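# Descriptive analysis of the structure
Listed below, chain by chain, are the residues.
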Amino acid sequence: KAGQTYDYLQHRFLVIRNNTVGSIDSSFANGGANVLTISASDDEAFAVSIQTDGKIILKGESYLNGGFSYRVALARFTLKGIADKSFGTNGIVTTNIASGADVAKDVVVQTDGKIVVGGYTAAIASGETDALCMRYNSNGSIDSSFNKTGNVVVDIAGQNDVINNVIVQPDNKILLGGYANSSENVSAFLTVRLLQNGHMNNNYASGGIQTTTLFQQGDAAYGMSLLLNGKILLAGQTTSGASNYISLVRYKRNGTIDSSFKNNGVGFTGIGSSDDIAFKMLRSPWDKSLFVAGVANGYWVIAKYNSSNITLDSSFGLNGIVSVNYKINNDPDDEPVLGIDPQNKQIYLCGYTGGKVTIVRFNDHGVQDNSFGKKGASTYNLSLFYGGFGIEKDGK
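Here goes a summary of the coordinates provided. (Residues numbered from 1 in each chain as written. Predicted model: local features only at pLDDT ≥ 70, side-chain atom pairs only at ≥ 80, totals over all residues. Heavy atoms only, no water.)

### A look at the overall build of the chain
Tallying secondary structure elements over the chain gives zero helices and 27 strands in all. The dimensions of the chain, computed from C-alpha atoms along their principal axes, are 50 × 50 × 40 Å. Looking at the 396 residues of the chain, the share that counts as buried comes to 54%. Put simply, of all contacts in the chain between residues at least 6 apart along the chain, 48% involve residues at least 24 apart. When the accessible area of the chain is evaluated, it comes to approximately 16,000 Å², of which 47% is carbon and sulfur surface. Here the chain carries 32 positive and 33 negative side-chain charges, and the mean point of each set is 8 Å from the other. (Helix = DSSP H or I, 4+ residues; strand = E, 2+ residues; numbered from the N terminus. Buried < 20%, exposed > 50% of the residue type's maximum accessible area, 1.4 Å probe, protein only. Contact = heavy atoms within 4.5 Å. Areas by Shrake-Rupley, 256 points an atom, 1.4 Å probe, with all protein chains shown as cover. Lys, Arg positive; Asp, Glu negative; His and termini not counted. Charge placed at Lys NZ, Arg CZ, Asp CG, Glu CD.)

### So, the pairing of strand β18 (residues 243-251)
For β18, a buried count of eight out of nine residues is recorded, marking the element as mostly surrounded by other parts of the structure. Across nine bridges, the pairing between strand β17 (residues 232-240) and β18 is antiparallel. Directly across from glutamine 237, in β18, lies its bridge partner isoleucine 246. Hairpin connection from β17 to β18: two residues lie between these consecutive antiparallel strands, with glycine 241 at a positive phi of about 65°. (Pairing = 2+ DSSP bridges.)

### Points about the packing of aromatic side chains
Scanning the model with the defined rule gives seven aromatic pairs in all. Measuring from ring centre to ring centre gives 5.0 Å for tyrosine 63 and tyrosine 70, while their planes differ by 75°; the resulting arrangement is edge-to-face. (Phe/Tyr/Trp six-rings, centres within 6.5 Å; stacked < 30°, edge-to-face > 60°.)

### Let's talk about the pairing of strand β21 (residues 290-296)
Of all seven residues in β21, seven are buried; the element is thus mostly enclosed. By the alternation rule, side chains of β21 split into Leu290, Val292, Gly294 and Ala296 and Phe291, Ala293 and Val295, which are all buried. Between strand β20 (residues 276-283) and the antiparallel strand that follows it, β21, lie six residues; lysine 288 among them carries a positive phi value of about 65°. Alignment of β21 against strand β22 (residues 299-305), held across seven bridges, turns out to be antiparallel. When the bridges of β22 are listed, alanine 293 appears paired with isoleucine 302. Counting the residues between successive antiparallel strands, the hairpin from β21 to β22 contains two residues, one of them, asparagine 297, with a positive phi of roughly 50°.

### Let's talk about unusual backbone geometry
The phi angle at glutamine 216 is positive, at roughly 55°, despite the residue not being glycine. Here glutamine 216 shows up in the loop between β15 (209-212) and β16 (219-226). The backbone phi angle of isoleucine 310 is positive, close to 55°, even though this residue is not glycine. Within the secondary structure, isoleucine 310 sits in the loop between β22 and β23 (321-324).

### A look at the side chain of aspartate 219
Mapped onto the secondary structure, aspartate 219 falls in strand β16. For the buried aspartate 219, no salt bridge is present, and the opposite-charge side chain at shortest range is lysine 262, 17 Å distant. Within the local environment of aspartate 219, its side chain forms a polar contact with the side chain of threonine 213, the two groups lying 3.1 Å apart. Within the structure, the side chain of aspartate 219 is placed 2.7 Å from the backbone nitrogen of leucine 214, a separation counted as a polar contact. In contact with aspartate 219, not counting residues within four places along its chain, are Tyr179, Ser187, Ala188, Phe189, Thr212, Thr213, Leu214, Gln237, Thr238 and Thr239. (Salt bridge = Lys/Arg side-chain N within 4 Å of Asp/Glu carboxyl O. Polar contact = N/O pair within 3.5 Å; in protein donor to acceptor, adjacent residues only side chain to side chain.)

### Considering the sheet that holds strand β13 (residues 174-183)
Taking strand neighbours across the sheet as the criterion, the four strands line up as β12-β13-β14-β15 in an open arrangement whose pairing is antiparallel. Whereas interior strands pair on both sides, the edge strands pair on one side only; in this sheet they are β12 (161-168) and β15. In this sheet, neighbouring strand axes are inclined to one another by 20° on average, regardless of whether the strands run parallel or antiparallel. Pairing of β13 with strand β14 (residues 186-194) involves nine bridges; the strand directions are antiparallel. Bridging across to β14, glycine 177 finds its partner in threonine 191. (Axes fitted to C-alpha atoms, helices over the stretch in contact; angles between N-to-C directions.)

### Focus on the environment of glycine 265
Among the structural elements, glycine 265 can be located in the loop between β18 and β19 (266-269). Residues glycine 265 and glycine 22 lie 243 residues apart in sequence; the distance between their C-alpha atoms is 40 Å. Residues within four places of glycine 265 in sequence aside, it is in contact with Leu248, Val249, Arg250, Ile257, Asp258 and Ser259.

### With respect to the sheet that holds strand β4 (residues 43-50)
Read from one edge of the open sheet, four strands run β4-β5-β6-β7, paired in antiparallel fashion. Whereas interior strands pair on both sides, the edge strands pair on one side only; in this sheet they are β4 and β7 (92-95). On average, adjacent strands in this sheet sit at an angle of 20° to one another, irrespective of strand direction. Bridge analysis of strand β6 (residues 70-77) against β7 gives four bridges, and the strand direction is antiparallel. Bridged to alanine 73 within β7 is threonine 94.

### Observations concerning the nonpolar core
The biggest cluster of nonpolar side chains holds 17 residues, and the ones touching the most others in it are Phe291, Ile302, Leu338, Leu349 and Phe362. Going through the elements one at a time, β20, β21, β22, β23, β24 (337-341), β25 (346-352) and β26 (357-362) are the ones with two or more residues in this core. With residues up to four places along the chain from it excluded, the contact list for phenylalanine 362 reads Ile302, Val322, Val324, Lys345, Gln346, Ile347, Leu349, Val367, Gln368 and Asp369. Listed in part, the 16 residues of the second largest apolar core include Leu248, Phe261, Val292 and Val301. (Core = buried A, V, L, I, M, F, W, Y, C linked by side-chain atoms within 4.5 Å.)

### Observations concerning the pattern of salt bridges
The full count for this structure, using the stated rule, is twelve salt bridges. Its salt-bridge partner being aspartate 258, residue arginine 250 comes within 2.7 Å of it at the nearest N-O pair. With respect to class, arginine 250 is no different from aspartate 258; both count as buried. Three or more residues are tied together by salt bridges with common partners; here these are Arg17, Asp25, Glu392 and Lys396.

Below, the structure is given as structure tokens:
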């Protein structure tokens, strides 16, 4: 898992590896963990990706010394948890795009080893963020063949735009998902599709961009999946009045709303009474179903959907939903990250639980796995965690 640790001076990149039973893997890095300092100020990792060769990539942000700006930050580690010196400078790559914050929210490694990053960039003067996609060569250098600059910046409507998810399609087109604000109080689901060279895919939606708002309030995508038929499914949050709902929106291959899905392309799942948000969506390798993780009224939740018709799978948990009481009630932004072990058919939730980090493991029927940690959960004394989680080939 990846995130950050705090020593009362600054935040630093943190990567930790656990054994399959939940204990710390002491053979990894320095006693199971590696703490990486990028700058003299804050460094924060938000996600982790494991390459096919076992190398580990952390992505996030690093504060620019002497300025007022965060940079996109990547770090790569070897299978043993040591900084990979063949990547960037001593395993570290930082990229400064604008005068404000540059942040990486998701990272995907292409089949050719190139690294695609999605996130946002902002100028200090306006304070508004624009959608950002960047591509690096496998050694961490900027891929100048990608939009001629190595990056694509998209301003949707002059307000805040954020990319939370990146998918490289089988045809090598790049699909981005997140949200776009049309005003301070109204946000919309956002997808953007780029060609392999970084140019906008003009045949997708409207000039490569699709925005969808449901109640003219708060719609934001935090999870995205490319379905087997090429259609696109977004998962996230929809706000109506004082209530939030876990929402699913499906698009056709060309980016138009798929009106054959649910209610004119949109489906809602109300688990709690007022505050449901989906943060992550992953496909099950063993039955192609979809797992959606989020929060609902003080609980971490997983919902399992059948892949054919995107209905809740009643064989999983209680009517397709599993909930565990690890959410911090006074922290509305507390979100679990989701992991899937394809070899052992196990599902993980991991997140910050107030001065600690907790990992919970379930079997493929949604039952908490008592062979992991203590009654299915392991807790570690870590001061902060911002959400990266991955499963290695051997189950660690």
